[in-house]
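# Observations on the model geometry
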Amino acid sequence: MLPKFNILTEEQVQAIHENTMKIMEEVGVEFSYDPAVEVFKKNGQKVEGHRVFFDRKFVEEMVAKAPAQFVLHARNPENNLVCGGENTIYMPGYGAPFIHDANGKRRNATLNDYDNFVKLAGASKNLHMTGGNVVEPQDVPDEIRHLKMLYSHITNSDKCFMGSSSGYEKAKDVIELTAILHGGLDVIKEKPALSCLVNSVTPLKFDDRMLGGLMAYAEYGQPMVIASLVMSGSTGPASLAGALSVQNSEVLAGITLTQCINPGTPVIYGSTSAITDMASGSLSIGNPECSLFTSASAQMARFYGVPSRGGGGLTDSKIADTQAGYESMMTLLGASTTGINFVLHSAGILQYYMAMSYEKFMVDDEIAGMVGRYIRGMDFTEEKLAFDVIKAVGPGGHYLTQKHTRKNFKVEFFRPQLSDRQSYDGWENGELDANARATQRWQDVLENYTPPALDEKVKAEIDAFIEKRISELKK
Amino acid sequence: MSAIFDEIREAVIDGDEDLAIELAERVIEEKLDLVEAIEKGYISGIEEVGASWKAGEAFLPDVMMAADAMKSGMSLLEAELARTGGEEHEDKGKIVLGTVEGDIHDIGKNIVGALLTAAGFKVYDIGIDQKAEDFIKKADEVGATVLGASSLLTTTMRSQGELIEYLEEKGIRDKYKVIIGGGPTSKKWSEEIKADGWAETADEAVDLCRELLG
Amino acid sequence: MENIIIEIQKGIIQGDAQRTKEKTTMALLQGIDPEKIIEEGLLSPMVGIGQRFRAGELFIPDVLMSSRAMHASLYIIKANLEQSKFFDKGLIVIGTVAGDLHDIGKNMISMFLESQGYNIIDLGIDVPASTFVEAVKVHKPDILALSALLTTTVSEQQSVVAKLKEAGLRDKVKVIVGGGPVTIEFAESIGADGFGNHLFDTIDLVKRLTEN
């Protein structure tokens, strides 16, 4: 494993922390959800209306209660994941309302797309989880969307997944569904099996929905990503250190709330901070500043002793073109080499989180494979140093017919599934670019994918729960 | 009896040269059917590796080690066949391979040799830095009609042309098909020197030989 | 052109509100016609700034700072001028729909429209449909602009349009919608009068709708 590198000095980390404490004490953070405000009042924090002014000792104490790492449990234990430490977890994009087809045409995402992306993630060797909210299935009514989405993850793969955090009720639904899958609420309290994404509303606010979700996950001890997206220049200062301080204040406020409700609840320090494109006012994510925010966040998370979330295959491009490739490689490589643990948005994202693309998904899957290999680093054993075989071949020979070669190349070399390494003539026969090859590949993967079987009894129970909730919610 | 043929087949697939030789010695010792051992053992094994290669399941070291194992074992059986005056095993065609004069690059030629072997051709590799005479001498000795000339340097490409000029001078150009390859070569170059074919990759070289010898 | 007008123009171009305000006061003291100050001192450089912004030479903060300087100047002129045609371009009521706390997109649109001479009433974020209806009733705006940034809140734009119909106000106001997940198809499907895809788009749209 490559040693993760730091982009901030210890003094700089300390400076961000000090600035953050000052912001939390003197500026405060606004929580629109009354039950959350009550929690802070009960814990002796100064509250004015919905704005909470934090005591720094209190924040530091609370954040220290969050675990440094934890295990996320999958229905197939082989797919259990350790979140934290040196580990890197890749998963698909999250929350895009649109699909951009290979030709760049935009359409609304559907539940069928949802299933497809879960299957592609399930089939991938490079993605460790099937993620959550992989697209917004706009053909499903909002009040039952969370059920349909979770069902897709449960039935189409046996990897770990995420659930809805959109309000207390929806969060409770998905927690109960996950409990059925794993054999009860007590089981998942012991062995967390569901995670969710809680986003602040920058600058320095949290809304009702997210706080409701946060409180449900915290009550049941399920992990959550507390994330902030500062658009440097518009919803935060245009200086990166300033924007990082705003982000840090929001994330620490969220983490503090989780630990007040249920000390020891696993949380992940999340950042999707990036910049404002000053020509259009829109968010821009495929850039070096975003990578700096991500890398700094990994380091701040290490400082606070919690796992981190950030980065991904991020781009502002509208199709899986060269721009999509170079921006995504920068952001995924940056996140991975500086120690981000939980990489949401690793695959499929286009146009600053607005769209998912099948082609981009396959390109990112390849990037994830390459970066995954890169961060694994070099092995240094006697055998790997290979003196014996170097001696056997001697000057002027070749290594192609050595047993050492045959044994090692398969584990040492990353084998691309999308990249073209053919001769010119080989390529010319078809002249397919990466986008076109990606189309062939995702269609091929979907055609050949069989979801892992789910126990009939458990499935019946899950079906019944969903049916019951749908009829209740549609009333 | 067929058990040993399966063992030979496995030895080739595993690229285990020592075992392939040992098994050939046993076949001779036990006076088993030499042609059957070649076809059901060595050829069958290399064909399987060739098919895996085509399917993208086997890689260069697999094919090359298998080709080495096959060649080493089979050459013993062929020598025995020749000694006992038995019927010769029928191959898909004979090819003489070499790197041209002035050039000591080995690896590309070796890869082509292995893949041609895996495709069922009989390959005679005369090595590096070979003059035109050396190609002809070997071809006549073994009855090969295809000459494969490799060149990796822009400065030695000329030797590929010289090989063809040599054949013309001797008035034996029609007796042979000359194919060329190597990094700096191109289809255009092969046309310029009037070669019979050019291949950019080892796979293409196999296709080319199938065309010429098919 | 009077030197003082050039000074005001410089203040606008530099986005220096303090300086623009001071120079405007001086210009008024010198007895320069307020309409002339607006036309030559403020609007003329703002047109140039708008053009340079569209050409990619200037950026959002530049334009907003200039706009702020212009408004600082207008504030002083207003005290000296009952009515100017500049303030007559139209009235727009704007807000982010219920359930949605996103502010920034709406704010940027507001400020840009303001810089173009529109009057804006910003109802803020998380605005219930009934509040929009009430505002239309009370302020009688030319345009009602609805913002939604979440896939879960775009449907709220539809309920605002429905509530306007119920209140019999739908034909009294043009409704435009915008926000990340909003598309032209969606705008058409809920019977909105327009869809603002980005800043320029929205400005052009408002211009079209108010001039008709």
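Source: prediction; values computed, not measured.

Along chain B, the regular secondary structure elements total nine helices and five strands. From first element to last, N terminus to C terminus, chain B shows the α and β order α-α-α-α-β-α-β-α-β-α-β-α-β-α. Taking 17 Å as the expected radius of gyration for a compact globule of 214 residues, we find that chain B reaches 18 Å, a close match to that expectation. Based on the C-alpha atoms only, the size of chain B along its principal axes is roughly 55 × 40 × 30 Å. Looking at chain B as a whole, 50% of its 214 residues are labelled buried. Of all intrachain contacts in chain B linking residues separated by at least 6 positions in sequence, the fraction that spans at least 24 positions is 70%. Computed over 23 positive and 47 negative side-chain charges, the inter-centroid distance for chain B is 6 Å.

A few words on the overall build of chain A. When its secondary structure is counted, chain A shows 18 helices and 21 strands. On C-alpha atoms alone, chain A measures out to a radius of gyration of 23 Å, which is about the 23 Å that the 2.2 N^0.38 rule sets for 475 residues. Expressed as lengths along the three principal axes of its C-alpha atoms, the size of chain A is roughly 80 × 55 × 45 Å. Here chain A, with 475 residues, has 58% of them falling under the buried criterion. Partitioning the intrachain contacts of chain A with sequence separation of at least 6 by distance along the chain shows that 76% fall at a separation of at least 24. A total accessible area of about 19100 Å² is found for chain A, and carbon and sulfur atoms account for 53% of it. The averaged location of the 58 negative side-chain charges in chain A is 3 Å from the averaged location of its 46 positive side-chain charges.

Before going further, it helps to examine the packing of aromatic side chains. The relative placement of two aromatic rings is captured by the distance of their centres and the angle of their planes. Per the counting criterion, the structure on display carries 14 aromatic pairs over all chains. Summarising the aromatic geometry, the rings of Phe409 of chain A and Phe59 of chain B are spaced 5.4 Å apart at their centres and angled 70° between planes, so their arrangement reads as edge-to-face. Of this pair, Phe409 of chain A sits in helix α15 (residues 403–412) while Phe59 of chain B sits in the loop between α3 (34–54) and α4 (60–84), placing the two residues on different chains. In textbook terms, an aromatic cluster arises when at least three aromatic residues are bridged by ring pairs, as seen for Phe31, Phe40, Phe54 and Phe206 of chain A. The ring of Phe98 of chain A carries Arg106 of chain A above its face, with NZ or CZ at 4.2 Å from the centroid.

Tallying the contact residues gives 19 residues for chain B and 14 residues for chain A. Summing both partners gives a buried area of about 1400 Å² for chain B against chain A, and 61% of it is carried by carbon and sulfur. For the chain B face of the interface with chain A, the top three residues by lost area are Phe59, Pro61 and Met65 of chain B, together amounting to 36%. Close ionic contact of Asp62 of chain B with Arg406 of chain A constitutes a salt bridge, the shortest N to O distance being 3.5 Å. Seen at the junction of chain B and chain A, the total is seven residue pairs in polar contact (both at pLDDT 80 or more). Elements supplying a minimum of two residues to the side of chain B that touches chain A: α1 (2–14), α4 and α5 (107–118) of chain B. The greatest single-element share of the side of chain B that touches chain A, amounting to six residues, is contributed by α4 of chain B.

This paragraph deals with the domain arrangement of chain B. Interfaces are often sized by the amount of accessible area the parts lose when they come together. Residue and element names in this part refer to chain B. Examined at the domain level, chain B breaks down into domain 1 (1–85) and domain 2 (88–214). The C-alpha-based centres of domain 1 and domain 2 are spaced at 25 Å. Each partner contributes residues to the interface: domain 1 has 17 residues there, and domain 2 has 12 residues. For the pair domain 1 and domain 2, the two sides together bury roughly 1300 Å², of which 69% comes from carbon and sulfur. Summed over the three residues of domain 1 that lose the most area to domain 2, namely Trp53, Met64 and Lys71, the buried surface amounts to 30% of that side. At the surface where domain 1 touches domain 2, the tally comes to one salt bridge. A salt bridge links Glu78 to Lys122; the nearest nitrogen and oxygen atoms lie 2.7 Å apart. Inspection of the region where domain 1 meets domain 2 yields two residue pairs in polar contact (both at pLDDT 80 or more).

All names here are of chain C. Note that Arg170 resides in the loop between α7 (154–166) and β4 (174–178). Owing to a relative accessible area of 14%, Arg170 belongs among the buried residues under this scheme. At 2.9 Å, the side chain of Arg170 and the side chain of Asp193 are in polar contact. Not counting residues up to four positions away in its chain, the partners in contact with Arg170 are Val161, Leu164, Lys165, Val175, Gly191, Ala192 and Asp193.

A few words now on unusual backbone geometry. Here the residue pair Thr202 of chain A and Pro203 of chain A is connected by a cis peptide bond, since its omega of 0° sits within 30 degrees of zero. One non-glycine residue, Tyr352 of chain A, lies in the positive phi region at around 35°. For Tyr352 of chain A, the position within the fold is in the loop between β20 (349–350) and β21 (355–356). One non-glycine residue with positive phi stands out, namely Lys140 of chain C, at about 50°. Inspection of the secondary structure assignment puts Lys140 of chain C in the loop between α6 (129–139) and β3 (143–147).

To continue, consider the domain arrangement of chain A. Partitioning chain A into structural domains gives domain 1 (64–376) and domain 2 (382–412). Using only C-alpha atoms to locate each centre, domain 1 of chain A and domain 2 of chain A end up separated by 42 Å.

Turning our eyes to something else, we now look at the sheet that holds strand β3 (residues 146–150) of chain B. All names here are of chain B. Across the sheet, which stays open at both edges, the five strands sit in the order β2-β1-β3-β4-β5 with parallel pairing between neighbours. Only two strands of the sheet have a single partner each, and these edge strands are β2 (122–125) and β5 (197–199). Neighbouring strand axes in the sheet, compared pairwise and without regard to direction, differ in orientation by 25° on average. Looking at chain direction, strand β4 (residues 177–181) and β5 are connected through three bridges and run parallel. Of the residues in β5, the one forming a bridge with Ile180 is Trp198.

All names here are of chain B. Summed over the entire model, instances satisfying the criterion amount to one cavity of 30 Å³ or more. Taken as a whole, the largest cavity spans an internal volume of roughly 100 Å³. Surrounding the largest cavity, Ile43, Met70, Lys71, Met74, His89, Asp91, Thr117, Gly120, Phe121, Lys122 and Val123 form its lining. Among the secondary structure elements, those contributing two or more residues to the lining of the largest cavity are α4 and β2. It is α4 that contributes the most residues to the lining of the largest cavity, three residues altogether. Looking at the lining of the largest cavity residue by residue, the class counts come to five nonpolar, three polar and three charged. Taken together, domain 1 (1–85) and domain 2 (88–214) each give at least three residues to the lining of the largest cavity, which thus spans both.

Let us now look at the environment of Val201 of chain A. With respect to the helices, strands and loops of the structure, Val201 of chain A is situated in the loop between β11 (194–199) and β12 (205–206). Setting aside its immediate chain neighbours within four residues, Val201 of chain A contacts Phe206, Asp207 and Glu250 of chain A together with Leu101 of chain C.

For the rest of this paragraph, the subject is the packing of helix α1 (residues 3–14) of chain C against helix α3 (residues 34–54) of chain C. All names here are of chain C. Two elements in contact, α1 and α3, have axes separated by 9 Å at closest approach and are oriented at 35°. For α1 against α3, the interelement crossing comes out right-handed. Across from Ile5, Ile8, Gln9, Ile12 and Ile13 in α1, the residues of α3 making contact are Lys36, Ile37, Glu40, Gly41, Leu42, Ser44, Pro45, Met46 and Ile49. The class makeup of the residues in the contact of α1 with α3 is nine nonpolar, three polar and two charged.

Turning our eyes to something else, we now look at the interface of chain A and chain C. The interface of chain A with chain C comprises 18 residues on the first partner and 16 residues on the second. Buried surface at the junction of chain A and chain C, both sides included, amounts to about 1500 Å², of which 68% is carbon and sulfur. When residues of chain A are sorted by the area they lose upon contact with chain C, Arg209, Met278 and Ala279 of chain A head the list and together hold 28% of the total. For the pair chain A and chain C, the interface holds zero salt bridges. One can count two residue pairs in polar contact (both at pLDDT 80 or more) joining chain A with chain C. Of the residues contributing to the side of chain A that touches chain C, the split by class is six nonpolar, four polar and eight charged.

The rules behind the values
- Residues numbered from 1 in each chain as written.
- Chains lettered and ligands numbered in written order.
- Predicted model: local features only at pLDDT ≥ 70, side-chain atom pairs only at ≥ 80, totals over all residues.
- Heavy atoms only, no water.
- Helix = DSSP H or I, 4+ residues; strand = E, 2+ residues; numbered from the N terminus.
- Rg over C-alpha atoms; globule rule 2.2 N^0.38 Å.
- Buried < 20%, exposed > 50% of the residue type's maximum accessible area, 1.4 Å probe, protein only.
- Contact = heavy atoms within 4.5 Å.
- Lys, Arg positive; Asp, Glu negative; His and termini not counted.
- Charge placed at Lys NZ, Arg CZ, Asp CG, Glu CD.
- Areas by Shrake-Rupley, 256 points an atom, 1.4 Å probe, with all protein chains shown as cover.
- Phe/Tyr/Trp six-rings, centres within 6.5 Å; stacked < 30°, edge-to-face > 60°.
- Lys NZ or Arg CZ within 6 Å of the ring centre and 35° of its normal.
- Buried area = accessible area lost by both parts, 1.4 Å probe.
- Salt bridge = Lys/Arg side-chain N within 4 Å of Asp/Glu carboxyl O.
- Polar contact = N/O pair within 3.5 Å; in protein donor to acceptor, adjacent residues only side chain to side chain.
- Domains from an automatic or database assignment.
- Pairing = 2+ DSSP bridges.
- Axes fitted to C-alpha atoms, helices over the stretch in contact; angles between N-to-C directions.
- 1 Å grid on protein atoms, 1.4 Å probe; cavity = no way out; pocket = protein on both sides within 12 Å on 5 of 7 lines; lining within 4 Å.
- Points joined across faces, edges and corners; volume = space filled by probe spheres on them.
- Nonpolar A, V, L, I, M, F, W, Y, C, P; charged D, E, K, R; others polar.
- Left-handed = near helix turned anticlockwise from the far one by under 90°.

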